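Each chain, written out:
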Amino acid sequence: MNAIVVVDRKWAIGRDGGLLVHLPGDLKYFRERTLGKVNVVGRKTLQSFPGGKPLPGRTNVVLTRDMSFEAQDCVILHSREEVLEYAGKYPAEDVFISGGAEVYRQFLDDCDTFYVTKIDAEFEADRFFPDLDEMGLEVIWSSEIQEEKGIRYQFLKYSRTGESCQK
């Protein structure tokens, strides 16, 4: 499985239920990577999407402890085990863990590839992603530096296995 995340220098990912900053280039990158794939998110992350609606062109899986939660055009699951069983129906490279912080933590050990947008700035935050550099994961691909709204960032692909592959 894959994880896809945008982080700042301190591996912060969000504040008050939202993104740290709105970067159209990062949103485009996220769309390109996940379109046609399985996108696993928590309930709060789903509710943070425009209109609280699932992302079009993907199989949207929502992990929630709320047994009565319903969302149109989503697969609602209630445990890590249920998500792993459901995701097992798809090739591992087609499954993306997309947040939030609690969902990332639950599936960190199940992911071999991490698509990270690293922002060269620090933001006030209350949610964080584990520092993949400290964990010893290898960067197997990196983009050119991007810049929007005076903010510099770069797309990185980390691998647990260390095997080189294409972007």
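Up top is the structure these notes are about.
First, a word on what this report is: a plain description of the structure on this page.

What counts as what
- Residues numbered from 1 in each chain as written.
- Predicted model: local features only at pLDDT ≥ 70, side-chain atom pairs only at ≥ 80, totals over all residues.
- Heavy atoms only, no water.
- Helix = DSSP H or I, 4+ residues; strand = E, 2+ residues; numbered from the N terminus.
- Rg over C-alpha atoms; globule rule 2.2 N^0.38 Å.
- Buried < 20%, exposed > 50% of the residue type's maximum accessible area, 1.4 Å probe, protein only.
- Contact = heavy atoms within 4.5 Å.
- Areas by Shrake-Rupley, 256 points an atom, 1.4 Å probe, with all protein chains shown as cover.
- Disulfide = S-S within 2.5 Å.
- Arc of directions from axis to C-beta.
- Salt bridge = Lys/Arg side-chain N within 4 Å of Asp/Glu carboxyl O.

What about the overall build of the chain?
Inference 1: Regarding its fold elements, the chain presents 4 helices and 11 strands.
Inference 2: In summary, the chain has a C-alpha radius of gyration of 15 Å against a globular reference of 15 Å for 167 residues, a match within 12%.
Inference 3: Based on the C-alpha atoms only, the size of the chain along its principal axes is roughly 40 × 35 × 25 Å.
Inference 4: Considering the chain as a whole, with its 167 residues, one finds that 44% of them fall into the buried category.
Inference 5: The contacts of the chain with a sequence gap of at least 6 include a subset with a gap of at least 24, amounting to 61%.
Inference 6: Approximately 9,100 Å² of the chain is accessible, and the part contributed by carbon and sulfur atoms is 46%.

Here's the deal with the state of the cysteines
Between two cysteines, a covalent bond joining their sulfur atoms is known as a disulfide.
Inference 1: Inspection of the entire model under this criterion finds 0 disulfides.
Inference 2: Unpaired in this structure, Cys 74 has its nearest cysteine sulfur neighbour in Cys 111, at a distance of 19 Å.
Inference 3: Cys 111 gets classed as buried once you look at its relative accessible area, which sits at 1%.

Focus: helix 3 (residues 80-87)
Inference 1: Looking only at helix 3, the buried set comprises Val 83, Tyr 86 and Ala 87. Around the axis of helix 3, the buried residues are gathered within 95° of arc, so they sit on the same side. Exposed side chains of helix 3 directed beyond 90 degrees from the buried face belong to Glu 81 and Glu 85.

Concerning the pattern of salt bridges
Working definition: two side chains of opposite charge can pair if their charged atoms are close together.
Inference 1: Considering all chains together, one arrives at 11 salt bridges under this definition.
Inference 2: Salt-bridge contacts for Glu 102 lead to Arg 65; the nearest nitrogen and oxygen are separated by 2.6 Å. Taken together, the residues Glu 102 in helix 4 (residues 101-107) and Arg 65 in the loop between strand 4 (59-63) and strand 5 (74-77) connect sequence positions 37 residues apart.
Inference 3: Classification of Glu 102 by relative accessible area gives partly exposed; the value is 38%.
Inference 4: Look at the salt bridges and you will find they share partners, linking Arg 9, Lys 10, Asp 120 and Glu 122 into a network.

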